[in-house]
Amino acid sequence: YLPTILELSLLTLKTPVAQTVSEIIEFLSTNPSQQTVLDFHGTMRFQERVNRLLELNRAGMISEAELKELDEFLLLEQSITALKISLQKKQKTS
């Protein structure tokens, strides 16, 4: 139920982050192994979009909507990093 609940709660997002979150939820709902999660990287579309937003931000040409989108992407990336750190700690203690 958790993937469905999370996906429904994201319906209010108006940015491309919602699509990326849906992709991650779909990935996690397949019950991947710890190593598969540790090896996970965002899609090329995700990486290209984040890089583009970072470039706009550095150039001082980012709009308010794009800045919000960048913040959401970075929060998502921080969450994935926290998950990976947690899994690495579990692997070390096993």
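About the criteria used
Residues numbered from 1 in each chain as written. Predicted model: local features only at pLDDT ≥ 70, side-chain atom pairs only at ≥ 80, totals over all residues. Heavy atoms only, no water. Phe/Tyr/Trp six-rings, centres within 6.5 Å; stacked < 30°, edge-to-face > 60°. Helix = DSSP H or I, 4+ residues; strand = E, 2+ residues; numbered from the N terminus. Buried < 20%, exposed > 50% of the residue type's maximum accessible area, 1.4 Å probe, protein only. Expected span 1.5 Å × (residues − 1). Arc of directions from axis to C-beta. Salt bridge = Lys/Arg side-chain N within 4 Å of Asp/Glu carboxyl O. Core = buried A, V, L, I, M, F, W, Y, C linked by side-chain atoms within 4.5 Å. Contact = heavy atoms within 4.5 Å.

Chemist: For this particular structure, what's the right way to read the packing of aromatic side chains?
Modeler: Any pair of aromatic rings gets described here by the distance separating the centres and the angle formed by the planes. On inspection of all chains with the given rule, the structure shows two aromatic pairs. Here Phe46 and Phe73 contribute two aromatic rings whose centre-to-centre distance is 5.2 Å and whose plane-to-plane angle is 65°, an arrangement assigned as edge-to-face. Taken together, the residues Phe46 in helix α4 (residues 44–58) and Phe73 in helix α5 (residues 64–93) connect sequence positions 27 residues apart. Looking at Phe46, the relative accessible area reads 10%, which means it is buried. For Phe73, a relative accessible area of 0% gives the class buried.

Chemist: Is there a simple way to explain helix α2 (residues 17–28) in this structure?
Modeler: For an α-helix, 3.6 residues make a turn, and residues three or four places apart therefore share a direction. Helix length check: α2, at twelve residues, gives a terminal C-alpha distance of 16 Å against a target of 16 Å (1.5 Å per residue), a fit within 8%. Listing the buried residues of α2 in full gives Val17, Ala18, Thr20, Val21, Ile24 and Ile25. Summarising the axial view, the buried residues of α2 lie within an arc of 160°, below the 170-degree limit, and thus occupy one face.

Chemist: Mind showing me how you'd approach the pattern of salt bridges here?
Modeler: Once the charged atoms of two side chains with opposite charge are near each other, the side chains can pair. All told, the structure shown has three salt bridges when counted by the stated rule. Notably, a salt bridge pairs Arg45 with Glu23, separated by 3.0 Å at the nearest N-O pair. In this pair, Arg45 is assigned in helix α4 and Glu23 in helix α2, connecting sequence segments 22 residues apart. Glu69 is the partner of Arg49 in a salt bridge, and the nearest nitrogen-oxygen pair spans 2.9 Å. In this pair, Arg49 is assigned in helix α4 and Glu69 in helix α5, connecting sequence segments 20 residues apart. Relative accessible area serves as the criterion here: at 26%, Arg49 is assigned to the partly exposed category.

Chemist: Can you walk me through the nonpolar core in this structure?
Modeler: Most often, soluble globular proteins keep nonpolar side chains buried together rather than apart. In this structure, Val17, Val21, Ile24, Leu53, Ile62, Phe73 and Leu76 are the most contacted members of the largest nonpolar core, which totals 14 residues. Not counting residues within four places of it along the chain, the set of residues in contact with Leu76 comprises Val17, Thr20, Val21 and Ile24.

Chemist: Sorry if this is basic, but what is going on with unusual backbone geometry here?
Modeler: Unlike most non-glycine residues, Asn31 shows phi in positive territory, near 60°. Mapped onto the elements, Asn31 comes out in the loop between α2 and α3 (34–39). On the basis of relative accessibility, which here comes to 68%, the residue Asn31 falls in the exposed class.

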